[in-house]
Number of protein chains: 2
Amino acid sequence: MAIERLAVVGLGLIGSSIARAVKARLPGVAVTGHDASALVRDEARALGLCDRIADDPADAVEDADLVILAVPVGGMADAARALAPGLKADAIVSDVGSSKAGVGAALRAALPDHLVIPAHPVAGTENSGPAAGFASLFEGRWCIVTPAADAPADAVAALTGFWQTLGATVDTMDAAHHDLVLAVTSHLPHLIAYTIVGTASELEEVTESEVIKYSAGGFRDFTRIAASDPVMWRDVFLANRDAVLATLQRFNEDLTVLQQAIRRGDGDKLEAWFTRTRAIRRSIIAEGQDDPAPDFGRKH
Amino acid sequence: MAIERLAVVGLGLIGSSIARAVKARLPGVAVTGHDASALVRDEARALGLCDRIADDPADAVEDADLVILAVPVGGMADAARALAPGLKADAIVSDVGSSKAGVGAALRAALPDHLVIPAHPVAGTENSGPAAGFASLFEGRWCIVTPAADAPADAVAALTGFWQTLGATVDTMDAAHHDLVLAVTSHLPHLIAYTIVGTASELEEVTESEVIKYSAGGFRDFTRIAASDPVMWRDVFLANRDAVLATLQRFNEDLTVLQQAIRRGDGDKLEAWFTRTRAIRRSIIAEGQDDPAPDFGRKH
């Protein structure tokens, strides 16, 4: 199964990075793009992101072998219904959403006669929009594919090969397990970061100006992911509610334990906990999932 | 008041960075170093960090105009008592601890006949030890000085000038207010990061290997500060307990509000919150307190 024509629907950070990566690594593949926003389409045309930018979603996917939906997860079903009239019978429809069980069900309900294979490239930055994307975004990152049990092996292999060509390593996983794993490694961290940045900016005793000035003490690290796209993240929390709330419950338990250790002055408990967490970062660096340079390689 | 001889007690990340920065920017100042660990002293000698490394703390501070204690805040009083016999009558004793009211009181109790002016350079990386330091660590960062109300102006000016020469911008602040500000911008972020990294590594449903593999979804950002020195941070939480617990209470309130919004499916509340936090990062970048490059400038 060869992918010769690709359609990307949604041309923000991820969609525009796919278009750029395909141009760089699969120059033989024709890429058509679409975005619901006329402003974004104009920007994509000016950036030369795709071979063609279509104003109409059904027009965008005509003849496409692979259609990738790169819109907020709450907008997937509407986007799928809008493009359905143009879809080739044997096209593969995939997506890049950060939650998979609900998105897969929504896409299959919207496109009952088509093959849907959900996917999630675990990559991104805090920036949004077509200008924020870049071709190397997926290099060395993981892409998780969550096919239904009856998905044709050749179509799964084609989608897997596509992501590998863009530089990703592909894992296949059950959608429900994906949602639990990502609740831990992505959704809870975002929720915590959004919370603490909000907390810090609304204290009476400490001004926002002080929070900004002295943010190099640790706070600034949290502001990066708390600067991520608000609509995308609203949708992720609504779509993956149960796994997020379950994980949050575990976080709250642990926070209460450490809170009590501080209140009681139990230094041994704190030190033991802090020693254990240090090892995790070493493993992440050893696995190539973060920069070994101190301070993320920030310039000093 | 001229600082011609400096003693640095504690040669980890911060102490060794001070020694390096003085060598680079104040070549006329003689620097003597000491560390309670013989291994660290040997490493400091091999690195050529100071003009002289003294085995004995009292010997290290002899003739020093300025003595800077760069040890975990729980060890400040003992370190001060150990060096007291060698201290010149008119020496300024300062420190770099991340909590100031308790440390200031402990140092003044240990050195009742000497001038103590606490200070806190808001800078660091997740690495520890004499090899982790570098001369430019304080450039463009803030250093907060918390003199007592009756501290001699010329001594405060000398300490301020010293930190400015090392590249920092100096603010003067009441010690109690410092502790509240830093509880928000540094201590709470570290506590939250330590918590979530511990939570993620102990779930039954998601393996540690999965957490590491998919950490680029946001989790890896937290692992950096959760890799900070365990003893240093144990001491910070014990020393600044009240401000940390008060700030944590506010964080918990906000987290409960967002948790409820997720449970109820209140997308408007989530989106409004996430939009507000995005603005804070822009301000931090505008003030030069973080790298404007996406993803902290990590290599892609």
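Residues numbered from 1 in each chain as written. Chains lettered and ligands numbered in written order. Predicted model: local features only at pLDDT ≥ 70, side-chain atom pairs only at ≥ 80, totals over all residues. Heavy atoms only, no water.

Draft legend 1. Geometry of the overall build of chain A. Summing up its helical and strand segments, chain A has 12 helices and nine strands in all. Relative to its length of 300 residues, chain A is compact, with a C-alpha radius of gyration of 21 Å against a globular reference of 19 Å. For chain A, the C-alpha atoms occupy an extent of roughly 65 × 40 × 35 Å along the three principal directions. Per-residue burial for chain A yields a buried fraction of 61% across its 300 residues. In chain A, the proportion of contacts linking residues at least 24 apart, taken out of those at least 6 apart, comes to 73%. (Helix = DSSP H or I, 4+ residues; strand = E, 2+ residues; numbered from the N terminus. Rg over C-alpha atoms; globule rule 2.2 N^0.38 Å. Buried < 20%, exposed > 50% of the residue type's maximum accessible area, 1.4 Å probe, protein only. Contact = heavy atoms within 4.5 Å.)

Draft legend 2. Seen up close, the environment of T125(A). Residue and element names in this part refer to chain A. Position of T125 relative to the elements: it lies in the loop between strand 7 (119–121) and strand 8 (142–145). Overall, T125 belongs to the buried group, its relative accessible area being 10%. From its side chain, T125 meets the backbone nitrogen of N127 in a polar contact 3.0 Å long. (Polar contact = N/O pair within 3.5 Å; in protein donor to acceptor, adjacent residues only side chain to side chain.)

Draft legend 3. Spatial organisation of the nonpolar core. Among the nonpolar cores identified, the biggest contains 126 residues, and F251(A) and F251(B) are the most heavily contacted of them. Residues contacting F251(B), with those up to four places away along its chain left out, are I192(A), T195(A), I196(A), T199(A), F251(A), L255(A), L188(B) and I192(B). If you look at the next biggest cluster of nonpolar residues, it comprises 41 residues, including L49(A), C50(A), A70(A) and V145(A). (Core = buried A, V, L, I, M, F, W, Y, C linked by side-chain atoms within 4.5 Å.)

Draft legend 4. Expanded view of the relation of the copies chain A and chain B. Rotating chain A by 180° and translating it 0.0 Å along the rotation axis places it on chain B, where the RMSD comes to 0.0 Å. The transformation relating the two chain copies, once decomposed into turn and shift, fits a two-fold axis. An overlap of 100% is found between the interface residues of chain A and their copies at the interface of chain B, pointing to a shared contact surface. (Least-squares fit on C-alpha atoms with pLDDT ≥ 70 in both.)

Draft legend 5. Focus on the state of the cysteines. Residue and element names in this part refer to chain B. In total, this model carries zero disulfides over all chains according to the counting rule given. Here C50 is not cross-linked by a disulfide; its sulfur's nearest cysteine counterpart is in C143, at 18 Å. Given a relative accessible area of 0%, C143 falls into the buried group. (Disulfide = S-S within 2.5 Å.)

Draft legend 6. Representation of the interface of chain A and chain B. Taken together, the contacts link 105 residues of chain A with 105 residues of chain B. For the pair chain A and chain B, the summed buried area comes to about 10,300 Å², and 65% of that belongs to carbon and sulfur atoms. The three residues of chain A that bury the most area against chain B are Y214(A), I262(A) and F274(A), which together make up 7% of that side's buried surface. Taken together, the links from chain A to chain B amount to 18 salt bridges. The salt bridge partner of R224(A) is D295(B), with a shortest N-O separation of 3.1 Å. Summed over the shared surface of chain A and chain B, the result is 46 residue pairs in polar contact (both at pLDDT 80 or more). Going through the elements one at a time, strand 8, helix 7 (175–200), helix 8 (208–213), helix 9 (219–225), helix 10 (230–239), helix 11 (241–264) and helix 12 (267–286) of chain A are the ones with two or more residues in the side of chain A that touches chain B. The element contributing the most residues to the side of chain A that touches chain B is helix 7 of chain A, with 19 residues. (Buried area = accessible area lost by both parts, 1.4 Å probe. Salt bridge = Lys/Arg side-chain N within 4 Å of Asp/Glu carboxyl O.)

Draft legend 7. Geometry of the sheet that holds strand 6 (residues 115–116) of chain B. Residues and elements named next belong to chain B. The six strands are arranged 3-2-1-4-5-6 in an open sheet whose pairing can be described as parallel. Both edges of this open sheet fall to strand 3 (52–53) and strand 6, since each of them pairs with a single strand only. Its contacts with the sheet put helix 1 (residues 13–25) on strand 1 (5–9), strand 2 (30–34) and strand 4 (66–69), and the angle it makes with strand 1 is roughly 160°. (Pairing = 2+ DSSP bridges. Axes fitted to C-alpha atoms, helices over the stretch in contact; angles between N-to-C directions.)

Draft legend 8. The arrangement of the pairing of strand 1 of chain B in detail. Residues and elements named next belong to chain B. Within strand 1, four of the five residues are buried, leaving the element largely enclosed by the surrounding structure. In the sheet, strand 1 pairs with strand 2 via five bridges, with the strands oriented parallel. If you follow L6 over to strand 2, its bridge partner there is V31. At this point the chain moves from strand 1, through helix 1, to the parallel strand 2, and the crossover so formed is right-handed. Relative to strand 4, strand 1 runs parallel, the two being bridged by four bridges. Across the sheet, A7 pairs through a bridge with V67, a residue of strand 4. (Right-handed = clockwise from strand over helix to strand, strands pointing away.)

Geometry only, nothing functional implied.
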